Amino acid sequence: MVPVRVAQADPALPLGQAQALADRGELNAALAVLEQYPAGESGGEAQPLPPAAALLRVDVLRRLGRVSRAELALSQLQAQLAAGARPEPALTAQALHQQALLHLLKGELAPAEGAITEALQWRQALAPTLRASLLNDAAIIQQRRGDSAGALADFAAAAQAVAGTPQALVYRVNAARALLEDGQVPAFLDAAQRLADELRAVPSQPSPPAPVLHSRIALAALYREAVNRFGADQGYRLQALQLLEQAGRQSPLAARDESLVKGYMAGLYADDRQFDSALRLARGALLAASRAGSQDLEYRWEWLLAQSFSSLGDNTAAIDAYGRAVASLQTLRANLEVFDQASLATVIQPLYYEYADLLLQQSIALEEGAEKQALLQTARSALEGLKLAEVEDYFQQQCLGDQAVQLDALAGRTAVLYPVLLEDRLELLLSTGDDIHQLAVAVDRATLVTLVRDFRLNLEADTGTDDYLDQARRLYGYLVEPLLATLEQAGVDTLVFVPDGPLRTIPLAALHDGKRFLIERFALATAPGLTLIDPKPFAGRSYTALAGGLSESVQGFPALPSVSTELDNLNRLVDASVLANGAFTLNRVEGELASGDYSVVHFATHGQFGGSYDDSFLLTYDSRLRINELGRTIQSRAGSSDPLELLVLSACETAAGDDRAALGLAGVALKAGARSALATLWEVDDKATLDIITEFYRLLSTAGESKARSLQRAQRKWIQEGGNPHPSQWAPFLLIGNWL
């Protein structure tokens, strides 16, 4: 996204100083100047910042990721502008632009587009630079929606609005990026060549305008991506290097720009296996990033150092650099209220997996002992950081876990299994006590992912055949069989899975050893990570419950006839307040959740988990309860100091093959602040749901069983007595979180 310039001011004055710092990427320093901005007083009250300074402050706060403060400052500025005697089109449009950028940061495309459209209504009164910037961001929205043609048209309009100026180059580079990301590699290369020729023709001395420098850096990065990701001729790396060398000759060069130039050059040398040069340049890039206060660059160059050391075979130095990169990224994320959603796949997952992969490679070569255990603990901690980041990314909220509890430290006869899907192998990390057992399985990620997808599709639909069994046995052979001797020796009766990627989309209860299902041998639970909320035993205690659901057909969803009996049974077994059908309205549900001191919340209604929490909901009689609102309402419960003990969603479904949808299901307990959740991966036969859920509650309330063993016994009873042992009926019930 193009940096927004919101002020034109005398560089000798505070506003000019702050703008110059912001232009150089020194955002914390710019904010410090603005926080000290001289403000007059009237009647003993401090006056607000002048609009230009207030706009810059919003822009800087947004770029620092301090969304709440930016939104508050923007609302104050917009109120100040609205109170003016006459409208100020430029200031109003710039405020709307900031509003759009904040929506974009949070992934809210429709409100962002609305704000830009409103700002462009002042088109005739706007300076060409502002109009072009608005059109550029309209193009970014189109790009994120997958409308490549619309994005290219808006980028072209932005460049045309400032034709003949250096800023037009930036918008043309953005258009070239859109072509590349759309896979139009020849068209990208044609556009890039024209841009490169123009940029080479601009001398580095005297210092050219900032847009020229930034276009050189950005185009170089795109050339590298075209080669590494899209298979363009490797000769284009030379084009990238020449652009960066030309950028590096510019003087003076701001510290952040110096860091970008040296860092991207280091990447090019690493691609060419010239690792000595790569290491020297990456270290220089790190020093420059530190001088600029650019935390968002530090992890990139540490990561590059780690990859270079690893390629040289210096695994000790590589592990140290990976550790610094992960720590730097975690610090950066902790300071941001939202994180760019695209970064999960392009930055967070690759970095954490590479780090864990190297640690596990080092560990597997060692004999049992303290050094091996230290490596395994570090690898699992890194993967745990990734899993928490994935859930936080899904819900677009940081710090979902209240406290970290090591599951293996709670265990008794419980084991914790952490499967890790790497490109060339599957790693199994099993904890049965204080130590972690490591076992590498020779199956590559692509093979395993295909097997998981096929298993889910064959399992979900009961076709009257046992086609799923082959996949169930193969998955059992990969995930469980190698660990059986260790599990038997430890006397394990409960397995807690911390699934990785596509493994979240299948019920592990349906794995099969050729004679029986896994659930017939072990009680099972699923954890989105090792972060739980104060696990305590639940069975046999008296709890109040809120129960709600729909047996009738509403809003085009089919009826669930057994829901009435399900709610009646729950009311018999647990002291429950029941909201059924017409009483199960959105307002009633939210009101009860917010005011009631319930330990169990049970909803028997249609629910769907999509690729975003915005697409995830529970059906009420008159509306839909969004999963995000469910969590927020439960956490705000008045008069309740205890977390929710159990959240049951007995008729939900996730899209087959959608890892993010399953991630939302796994994260719902964390989001709601619940110790445990019981939910289904897909909608289950009405009678099976009634029987399994009723038996689960009966065992939980009368037999003194743990949640995991209560569910196991209920599923085993259905397999043996339910009349249809096919896993589509009983397997999709998942116990998520605390199994006690």
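Residues numbered from 1 in each chain as written. Predicted model: local features only at pLDDT ≥ 70, side-chain atom pairs only at ≥ 80, totals over all residues. Heavy atoms only, no water.

Remarks on the overall build of the chain
Consideration 1: Secondary structure summary: the chain contains 28 helices and 17 strands in total.
Consideration 2: A compact globule built from 740 residues should have a C-alpha radius of gyration of about 27 Å, and the chain, at 29 Å, falls within 12% of that.
Consideration 3: Judged by the C-alpha coordinates and their principal axes, the chain covers about 85 × 65 × 50 Å.
Consideration 4: When burial is assessed residue by residue, the chain has 56% of its 740 residues classed as buried.
Consideration 5: Across the chain, contacts joining residues at least 24 apart in sequence account for 70% of those joining residues at least 6 apart.
Consideration 6: Accessible surface, the chain: about 29,100 Å² in total, of which carbon and sulfur atoms supply 49%.
Consideration 7: Each charge class in the chain was averaged separately, 63 positive and 88 negative side chains, and the resulting centres sit 3 Å apart. (Helix = DSSP H or I, 4+ residues; strand = E, 2+ residues; numbered from the N terminus. Rg over C-alpha atoms; globule rule 2.2 N^0.38 Å. Buried < 20%, exposed > 50% of the residue type's maximum accessible area, 1.4 Å probe, protein only. Contact = heavy atoms within 4.5 Å. Areas by Shrake-Rupley, 256 points an atom, 1.4 Å probe, with all protein chains shown as cover. Lys, Arg positive; Asp, Glu negative; His and termini not counted. Charge placed at Lys NZ, Arg CZ, Asp CG, Glu CD.)

With respect to the pattern of salt bridges
Between side chains of opposite charge, pairing is possible as soon as their charged atoms come close.
Consideration 1: Going through the model one piece at a time under the given rule, you end up with 35 salt bridges.
Consideration 2: Two residues, Glu225 and Arg229, come together in a salt bridge whose shortest N-O distance is 2.7 Å.
Consideration 3: Looking at Glu225, the relative accessible area reads 22%, which means it is partly exposed.
Consideration 4: For Arg229, a relative accessible area of 54% puts it in the exposed group. (Salt bridge = Lys/Arg side-chain N within 4 Å of Asp/Glu carboxyl O.)

Observations regarding a negative patch on the surface
Consideration 1: The grouping of Glu367, Glu368, Asp434 and Asp435 at the surface amounts to a negative patch.
Consideration 2: Inspection of the secondary structure assignment puts Asp435 in the loop between β4 (426-431) and β5 (436-441). (Patch = residues over 30% accessible without salt bridge, like charges linked within 9 Å, V, L, I, M, F, W, Y side chains within 5 Å.)

Some thoughts on unusual backbone geometry
Consideration 1: Look at the link from Ser251 to Pro252: it is a cis peptide, with omega at 0°.
Consideration 2: In this structure, Arg273 is a non-glycine residue whose phi angle is positive, near 60°.
Consideration 3: Considering the arrangement of structural elements, one finds Arg273 in the loop between α13 (255-271) and α14 (275-292).
Consideration 4: Residue Gln555 is not a glycine yet carries a positive backbone phi of 50°.

Brief notes about the nonpolar core
Consideration 1: Ranked by internal contacts, the top residues of the largest apolar core, which has 204 residues, are Phe188, Phe603 and Leu647.
Consideration 2: A total of eleven residues in this core trace back to one element, the largest contributor, which is helix α17 (residues 343-364).
Consideration 3: Not counting the four nearest positions on each side in its chain, Phe188 is found in contact with Ala176, Leu179, Leu180, Leu222, Tyr223 and Ala226.
Consideration 4: Among the nonpolar cores identified, the runner-up in size contains 28 residues, and Ala30, Val58, Leu64 and Leu102 belong to it. (Core = buried A, V, L, I, M, F, W, Y, C linked by side-chain atoms within 4.5 Å.)

What to know about the confidence of the model for the chain
Low pLDDT means the predicted coordinates in that region are not meant to be read closely.
Consideration 1: Per-residue pLDDT for the chain averages 87, and the proportion of residues at 70 or more is 91%.
Consideration 2: Confidence over residues 40-44 falls short of pLDDT 50; this stretch has six contacts with residues more than four positions distant or in other chains. (pLDDT = per-residue confidence, 0-100.)

Some remarks on the sheet that holds strand β13 (residues 624-626)
Consideration 1: Here four strands make up an open sheet; going across it, the order is β13-β12-β11-β15 and the pairing mixed. The strands lining the two open edges of the sheet, one partner per strand, are β13 and β15 (652-654). Across the sheet, the mean angle separating the axes of adjacent strands is 20° when strand polarity is ignored.
Consideration 2: Inspection of the sheet shows strand β11 (residues 607-609) paired to strand β12 (residues 617-619) by two bridges, in the antiparallel sense. (Pairing = 2+ DSSP bridges. Axes fitted to C-alpha atoms, helices over the stretch in contact; angles between N-to-C directions.)

Regarding the packing of helix α22 (residues 563-573) against helix α26 (residues 686-702)
Consideration 1: Interhelical geometry of α22 versus α26 gives an angle of 5° and a closest axis separation of 10 Å. With respect to their mutual orientation, α22 and α26 come out roughly parallel. Taken together, the residues of α26 that come into contact with α22 (itself represented by Thr565, Glu566, Asn569, Leu570 and Leu573) are Thr689, Leu690, Ile693, Thr694, Tyr697, Arg698 and Ser701.
Consideration 2: Residues of the contact of α22 with α26, tallied by class, amount to five nonpolar, five polar and two charged. (Parallel < 35°, antiparallel > 145°, perpendicular 65-115°, else oblique. Nonpolar A, V, L, I, M, F, W, Y, C, P; charged D, E, K, R; others polar.)

Quick look at the packing of aromatic side chains
Consideration 1: Under the criterion given, the structure shown has eight aromatic pairs.
Consideration 2: Ring centres of Phe188 and Tyr223 lie 6.1 Å apart, and the angle between their planes is 70°; this geometry places the pair in the edge-to-face category. Taken as a pair, Phe188 in helix α10 (residues 185-200) and Tyr223 in helix α11 (residues 210-228) lie far apart in primary sequence, 35 residues in all. Across this residue pair, the class does not change: Phe188 and Tyr223 are buried.
Consideration 3: Considering the side-chain rings of Phe557 and Phe617, the 6.3 Å spacing of their centres and the 80° angle between planes classify their relative orientation as edge-to-face. Placement of Phe557 in the loop between β8 (544-549) and α22 and of Phe617 in strand β12 is noted, with a sequence separation of 60 residues between them. Comparing Phe557 with Phe617 shows no difference in burial state: the two are buried. (Phe/Tyr/Trp six-rings, centres within 6.5 Å; stacked < 30°, edge-to-face > 60°.)

With respect to the environment of Cys652
Consideration 1: On the secondary structure map, Cys652 appears in strand β15.
Consideration 2: Residue classification places Cys652 among the buried residues on the basis of a relative accessible area of 1%.
Consideration 3: A sequence separation of 163 residues divides Cys652 from Gln489, and the C-alpha atoms of the two residues are 37 Å apart.
Consideration 4: In contact with Cys652, other than residues within four places in its own chain, are Thr605, Gly607, Phe609, Leu665, Ala679, Thr680, Leu681, Trp682 and Glu683.

Digging into the packing of helix α5 (residues 89-105) against helix α7 (residues 128-144)
Consideration 1: The contact between α5 and α7 brings their axes to 11 Å, and the two run at 20°. By the criterion of interaxial angle, the relationship of α5 to α7 is roughly parallel. For the element pair α5 and α7, the recorded crossing hand is left-handed. Where α5 approaches α7, its residues Ala90, Ala93, Gln94, His97, Leu101 and Leu104 are matched on the opposing element by Leu130, Ser133, Leu134, Asp137, Ile141 and Arg144.
Consideration 2: Grouping the constituent residues of the contact of α5 with α7 by class yields seven nonpolar, three polar and two charged. (Left-handed = near helix turned anticlockwise from the far one by under 90°.)

Considering the environment of Trp730
Consideration 1: When you line up the elements, Trp730 lands in helix α28 (residues 727-730).
Consideration 2: Taking the relative accessible area as the measure of exposure, Trp730 reaches 0% and is therefore buried.
Consideration 3: Along the chain, Trp730 and Gln715 lie 15 residues apart, while their C-alpha atoms are 6.0 Å from each other.
Consideration 4: Non-local contacts of Trp730, meaning those with residues more than four positions away in its chain, are made with Ala509, Ala510, Phe517, Ile519, Ile692, Gln715, Trp718, Ile719 and Pro725.
Consideration 5: Side-chain polar atoms of Trp730 contact the backbone oxygen of His726, separated by 3.4 Å. (Polar contact = N/O pair within 3.5 Å; in protein donor to acceptor, adjacent residues only side chain to side chain.)

What about the pairing of strand β10 (residues 600-604)?
Consideration 1: Here β10 lies mainly inside the structure; five of its five residues are buried.
Consideration 2: The alternating pattern of β10 places Val600, His602 and Ala604 and Val601 and Phe603 on opposite faces, both of which are buried.
Consideration 3: Two strands pair when backbone bridges link them, and β8 and β10 are joined in this way by five bridges, in the parallel orientation. By the bridge assignment, Leu546 is partnered in β10 with Val601.
Consideration 4: Across four bridges, the pairing between β10 and strand β14 (residues 644-649) is parallel. Looking across to β14, one finds that Val601 is bridged to Leu647.

Thoughts on the pairing of β5
Consideration 1: Bridge count between β4 and β5: six bridges; the pairing is antiparallel. Note that in β5 the partner of Ser431 across the bridge is Ile436.
Consideration 2: Between β4 and β5, which pair antiparallel one after the other, the connecting turn spans four residues.

So, the side chain of Glu26
Consideration 1: Tracing the backbone through its elements, the reader meets Glu26 in the loop between α1 (14-23) and α2 (27-35).
Consideration 2: Accessibility expressed as a relative area gives 17% for Glu26, which makes it buried.
Consideration 3: Looking at Glu26, its side chain comes within polar contact range of the side chain of Arg24, at 3.2 Å.

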